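Letter by letter, the chains look like this.
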Amino acid sequence: NDGVHGMVEKSGAAFLKAGRNPIRVEWFNGIDKYGLEVDYKGPDFPRTKIPDAALFRLDGASNWVHGLNYRCVEVPAENLPDFDSLPTLAAGTVTHFDLGVMSRAEHVGISFTGFLEVPRDGLYTFYTTSDDGSRLFVGEPSLHINDVGRAEFPRPEPMVIGESGEDGQWASVEGKVTFASEGPDGLKLELSARTGRISVELPGGSGLTPAILLNRRVRATGFCQAASTIDGDRVLGILLVPGAEAIDLTEPKVAEISETNTAGLPLLANAAEIHRLKREEAQRGYPVKIQGVVTSVLPEHQAFTIQDSTRGIYVIDFSESRSEPERVGEFLEVEGTTDPSLFAPVVNASRVKTLGAGDLPEPVRPTRDQLMNGSLDAQYVEIQGVLTSVQDDGVTLLTPDGRIKADVRVAGLKTQDFARYEDALIRVRGCLFATWDYVTHRVKVDEIRINGAAITVEQPAPADLFAIPRKKASELLLFDPEAGAFQRVKISGQIIHARDSEFFMMDGTNGVRFIAKHPADLRAGDMVDVVGFPELSSASPVLREAVVRKTGHAELPKARTLDADELVHAEMDSTLVRVKALLVNQRSGPTGQALEMRVGLRSFLALLPDVYKEVRDIPEGSQLELTGTWVVQHVSQDVASFELLLNSSADVAVLARPPWWTLQRLLIILGALACILAVTVLWISQLRRKVEQRGAELEVQIRERQRVEQQHALEQERARIAQDLHDELGSGLTEITMLGARARLASRDGYLEQMADKARQMVSALDEIVWAMNPTHDSLASMVSYFSLYAERFLGLANIAWRLEGPFKTDDHVVDSRHRHQLFLAFKEALTNVVRHSGASEVRLNIEVEHEQVRLTIADNGRGWTCNGQKDGMDGVANMRARMGKLGGRFEVNTQSGQGTVVRLDLPLN
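Computed from a prediction, not measured in an experiment: that's the story for all the values here.

Asker: Honestly, the packing of aromatic side chains in this entry has me stumped. Any pointers?
Answerer: Two descriptors summarise a pair of aromatic rings, namely the distance from one centre to the other and the angle between the planes of the rings. The tally for this structure, following the rule as stated, stands at 19 aromatic pairs. Between phenylalanine 45 and tyrosine 124 the ring centres are 6.2 Å apart and the planes differ by 50 degrees, which places this aromatic pair in the tilted class. Highlighted residues: phenylalanine 45 in strand 4 (residues 45-49) and tyrosine 124 in strand 10 (residues 122-130), separated in sequence by 79 residues. The class of tyrosine 124 is buried, set by a relative accessible area of 0%. Both rings, one in phenylalanine 787 and one in phenylalanine 824, keep their centres 5.7 Å apart while their planes meet at 50 degrees; by these two values the pair is tilted. Here phenylalanine 824 lies in helix 9 (residues 817-838) and phenylalanine 787 lies in helix 8 (residues 780-797), a separation of 37 residues in the sequence. The same class applies to phenylalanine 787 as to phenylalanine 824, namely buried. Its guanidinium or amino end placed over the ring of phenylalanine 56, arginine 20 lies 3.9 Å from that ring's centre, counting from NZ or CZ. Note that arginine 449 overlies the ring of phenylalanine 433, its terminal NZ or CZ placed 4.7 Å from the centroid.

Written as structure tokens, this is what we have:
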């Protein structure tokens with residue numbers, strides 16, 4: 001179990017011979033609760049706990065005794081450890097699998113070893129139940145390993161990543177490290193090549209790190225394990241490498257190259273290091289020596305791009321060593337220096353050497369963000385998309401991430417020649433260049449350039465776009481196995497609003513938007529067929545790059561009336577609706593009129609495509625009925641904002657004009673009334689304030705007088721009761737005590753002695769009650785004096801010295817009778833525990849007042865006791881804690897065996 005709290009049972013079986021068999025149980029606890037149970041069952045008895053009588057250990061060479069050896073270790077992790085690798089905290093012997101010997105409660109492990117005696121040969125099943133983890137070994141090990149010496153590894157068989165293979169081959173593979181992670185067991189690498197990839201595992205302590213290996217080309221040698229692909233083929237899946245010596249770094253890193261230029265700068269040996277330079281660093285002219293394949297040529301600039309195993313880089317050829325320009329696919333060695341250029345670092349080449357024919361690299365398939373931010377400048381890429389339109393300065397591609405404008409340059413083709421690819425799904429390979437502004441050096445969003453491009457048609461343009469089957473708008477949200485970013489759909493419906501190139505139509509009761517690929521002369525009421533690429537991220541479906549065909553014209557469908565609650569339903573997007581709302585404001589502009597409307601607490605805009613005088617003359621505050629296209633602006637879980645698109649002034653109907661009592665007139669009248677009433681209100685408020693102030697003063701005086709009188713009467717009654725108890729019961733009990741003492745002297749009867757003792761106890765208890773009730777003792781100083789007298793009398797009888805520690809400031813604190821009495825009872829219980837249980841020779845008392853609380857401390861130098869040693873019969877501690885809890889106070893006891901006990905009683909004064 002890997003640290004999940006909760007008891008978990010595990011089981012296993014082993015065939016044992018009759019007699020004593022080795023057994024070992026390992027257990028650990030991470031945090032919180034813990035537990036361990038070890039059971040077994042045999043061929044002739046049911047599951048039961050392993051008895052103590054069946055467990056043995058060797059005491060010496062041949063002396064068998066009952067019990068087990070144990071070893072306790074610290075476990076820093078949250079899983080079952082390797083006990084042999086951890087230092088010992090404690091060791092000894094136990095009679096059973098006893099967790100009481102652990103040296104700590106958390107992050108601890110115990111290993112129990114010994115022998116288990118079984119009565120007969122047979123199959124035995126063992127069970128361990130633990131909270132955080134356990135394992136059990138029983139019987140002699142079935143696998144024995146003997147080290148007979150060392151030998152050289154065999155010669156590895158060169159293998160190709162991705163080819164068929166079987167387990168057990170000692171082989172070497174070569175590839176690029178595309179992923180590297182480090183864990184407690186060592187390194188795990190992903191080695192990739194064009195033919196596939198393989199996992200490589202290295203043990204810990206090899207000295208290699210992910211930072212050293214990532215993006216490096218290496219040759220690895222090790223033990224191969226086969227794996228099955230999703231097609232069921234058996235290929236090389238995992239390579240187990242014995243150590244760092246079996247990893248050959250076939251490419252040096254920049255930091256390993258000692259060559260420098262005259263300025264002391266290191267030589268850069270790959271394109272990634274050059275591309276990462278900042279403009280200030282590239283300006284210093286780092287020496288460069290790289291090898292790679294030419295991915296594009298720009299003869300008009302005497303430049304080309306070269307790509308090595310890390311990435312591509314732009315090179316300006318200043319050398320005179322070549323008589324002819326570079327060619328795409330040529331493998332070159334380039335020497336030169338870095339230059340910041342105007343956008344990204346480039347290489348000014350001083351020497352270009354041909355090394356033969358090269359192989360174009362695997363193209364990067366970038367995301368939209370990578371295409372737009374310029375990070376892949378000079379990189380060999382492949383882009384998939386539908387070529388939707390051709391312009392004089394480029395083409396428009398619809399990719400899975402959206403539309404982009406691309407200047408695609410193919411040798412021998414002009415931009416107009418790309419018209420044959422329109423509406424086709426194509427893939428474009430070539431060298432990517434970011435399009436940027438020569439003044440600001442900023443990237444132009446949604447524009448890229450691909451040089452040295454090659455085009456392949458993945459899906460030709462349909463002969464008739466409208467020949468595909470028709471779908472309903474509601475079906476776009478259903479499962480479709482053929483759905484994809486480049487699937488065209490056809491929807492038929494009626495136009496309900498037109499706004500520039502964006503059109504809104506209804507397919508029955510569902511709304512759909514579409515953005516026309518070419519300008520379309522459509523108006524509300526037209527029946528159309530639309531073919532486009534669906535986008536489902538809005539409230540209603542949107543068809544991008546849509547081609548539209550008009551099929552007729554009809555009256556608009558009946559608008560659905562919406563109330564205030566239905567205005568937030570996103571399914572109403574792009575549908576014709578009717579809304580009753582209040583006109584709050586309106587404004588006119590070059591794009592038409594905007595009416596600010598309100599329904600309840602919600603506001604929205606109703607937009608007209610033109611300025612209409614009859615609408616402009618509608619006064620604010622009028623109740624209108626609007627008919628238009630309901631359009632969601634922002635959608636999260638609920639609609640955040642929306643607009644109502646109107647076709648003309650005929651969509652606006654006035655239901656009610658505002659009354660004469662407009663808001664402006666009402667405010668004027670209210671302002672005048674406010675001025676008239678201002679002086680009156682001020683005078684009344686001043687008079688009322690004086691009356692309330694005097695009334696409050698009288699009420700306080702009356703309450704204080706009543707409280708003093710009540711307190712005085714209560715104190716008189718308490719004094720009378722205390723005097724009566726003392727005079728009547730006290731004298732009577734004292735007389736009984738004296739008579740009992742005389743009778744005891746005259747007789748040997750034990751009952752008379754008990755009567756005398758009981759009378760003395762009643763006299764003492766009566767004295768305590770009289771003291772608690774007498775209001776003359778309500779001061780803190782009186783309480784301290786009484787506690788001291790009691791301690792002197794009680795501890796003196798027990799021959800225990802005591803002292804009152806100070807200094808003590810009494811001030812004028814009042815403690816009522818109930819609190820004094822309960823605190824005295826707790827104090828009395830504490831002294832009783834000292835006399836009965838502590839064996840102390842000295843007691844220290846301390847009383848202090850702090851933060852409106854009295855703290856009484858009783859400390860002794862007795863034997864103390866541990867929390868685990870507390871007995872069930874020790875009710876005194878519970879009684880003291882209960883008394884203090886009822887008074888809103890707190891009880892604390894600090895004790896340790898052999899170091900005395902300290903009891904603290906905290907009581908609030910108020």
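Asker: Honestly, the layout of surface pockets in this entry has me stumped. Any pointers?
Answerer: Any empty space left between the atoms is revealed when a probe the size of a water molecule rolls over them. The calculated volume of the second largest pocket comes to roughly 590 Å³. Around the second largest pocket sit 24 residues that line it, and Phe433, Ala434, Trp436, Tyr438 and Arg449 are the ones nearest its centre. Elements that contribute at least two residues to the lining of the second largest pocket include exactly strand 21 (312-317), strand 26 (402-408), strand 27 (425-436) and strand 28 (443-459). Counting residues per element, the lining of the second largest pocket draws most heavily on strand 27, at 4 residues. Of the residues contributing to the lining of the second largest pocket, the split by class is 13 nonpolar, 3 polar and 8 charged.

Asker: What's the story with empty space enclosed by the protein in this structure? I'm lost.
Answerer: Summed over all chains, the structure comprises 3 cavities of 30 Å³ or more. The calculated volume of the largest cavity comes to roughly 40 Å³. Among the secondary structure elements, those contributing two or more residues to the lining of the largest cavity are strand 32 (526-535) and strand 33 (542-553). A per-element tally of the lining of the largest cavity places strand 32 first, with 3 residues. Split into classes, the residues belonging to the lining of the largest cavity amount to 4 nonpolar, 2 polar and 4 charged.

Asker: What exactly am I supposed to notice about the pattern of salt bridges here?
Answerer: Any two side chains of opposite charge can pair, so long as their charged atoms come close to each other. Evaluation of the coordinates by the stated rule reveals 45 salt bridges. Glutamate 382 is paired through a salt bridge with arginine 429; the nearest N and O atoms lie 2.4 Å apart. Separated by 47 residues along the polypeptide, glutamate 382 in strand 24 (residues 379-391) and arginine 429 in strand 27 bring together distant segments of the chain. Since its relative accessible area comes to 32%, arginine 429 is described here as partly exposed. What you see here is one network of salt bridges that share partners, running through Glu362, Arg365, Glu382, Arg427, Arg429 and Glu458.

Asker: So what exactly am I meant to see when it comes to the environment of isoleucine 618 here?
Answerer: With respect to the element layout, isoleucine 618 can be found in the loop between helix 5 (613-616) and strand 38 (623-635). Considering only alpha carbons, one finds isoleucine 618 and leucine 583, 35 residues apart in sequence, at a separation of 8.7 Å. Discounting residues that sit within four places of it in the chain, isoleucine 618 has contacts with Leu583, Gln586, Leu624, Val652, Val654 and Arg657.

Asker: Whenever I open this one, the nonpolar core confuses me. Can you help?
Answerer: The nonpolar side chains of a soluble globular protein tend to be buried with one another. Among the nonpolar cores identified, the biggest contains 34 residues, and Phe787, Phe827, Ile858 and Leu905 are the most heavily contacted of them. Of all the secondary-structure elements, those providing two or more residues to this core are helix 8, helix 9, strand 42 (842-850), strand 43 (853-860), helix 10 (875-886) and strand 45 (901-908). By residue number, the principal contributor to this core is helix 8, which donates 8 residues. When near neighbours in sequence (up to four residues on either side) are disregarded, leucine 905 contacts Leu823, Ala826, Phe827, Val854, Arg855, Leu856, Ile858, Met884, Arg890 and Phe891.

Asker: Even after reading the chapter, I still don't get the packing of helix 9 against helix 10, so can you show me in this structure?
Answerer: Packed helices, taken two at a time, are described by the angle their axes make and the gap between the axes. Look at helix 9 against helix 10: their axes get within 10 Å of each other, and the N-to-C directions meet at 160 degrees. Classified by the angle between their axes, helix 9 and helix 10 sit roughly antiparallel to one another. The element helix 9 and its partner helix 10 pack so that their crossing is left-handed. Across the interface between the two elements, Arg818, Gln822, Leu823, Leu825, Ala826, Glu829, Ala830 and Asn833 from helix 9 touch Gly876, Met880, Arg883, Met884 and Lys886 from helix 10. In the contact of helix 9 with helix 10, the residues fall into 6 nonpolar, 3 polar and 4 charged.

Asker: Would you take a moment to explain helix 9 for this structure?
Answerer: Note on helix geometry: an α-helix contains 3.6 residues per turn, so any two residues three or four positions apart are oriented the same way. End to end, helix 9 covers 30 Å across 22 residues, agreeing with the expected 32 Å (1.5 Å per residue, within 8%). For helix 9, the full list of buried residues reads His819, Arg820, Leu823, Phe824, Ala826, Phe827, Ala830, Leu831, Thr832, Val834 and Ser838. A positive backbone phi angle near 70 degrees is found at glycine 839, which sits one or two residues after helix 9.

What counts as what
- Residues numbered from 1 in each chain as written.
- Predicted model: local features only at pLDDT ≥ 70, side-chain atom pairs only at ≥ 80, totals over all residues.
- Heavy atoms only, no water.
- Phe/Tyr/Trp six-rings, centres within 6.5 Å; stacked < 30°, edge-to-face > 60°.
- Helix = DSSP H or I, 4+ residues; strand = E, 2+ residues; numbered from the N terminus.
- Buried < 20%, exposed > 50% of the residue type's maximum accessible area, 1.4 Å probe, protein only.
- Lys NZ or Arg CZ within 6 Å of the ring centre and 35° of its normal.
- 1 Å grid on protein atoms, 1.4 Å probe; cavity = no way out; pocket = protein on both sides within 12 Å on 5 of 7 lines; lining within 4 Å.
- Points joined across faces, edges and corners; volume = space filled by probe spheres on them.
- Nonpolar A, V, L, I, M, F, W, Y, C, P; charged D, E, K, R; others polar.
- Salt bridge = Lys/Arg side-chain N within 4 Å of Asp/Glu carboxyl O.
- Contact = heavy atoms within 4.5 Å.
- Core = buried A, V, L, I, M, F, W, Y, C linked by side-chain atoms within 4.5 Å.
- Axes fitted to C-alpha atoms, helices over the stretch in contact; angles between N-to-C directions.
- Parallel < 35°, antiparallel > 145°, perpendicular 65-115°, else oblique.
- Left-handed = near helix turned anticlockwise from the far one by under 90°.
- Expected span 1.5 Å × (residues − 1).

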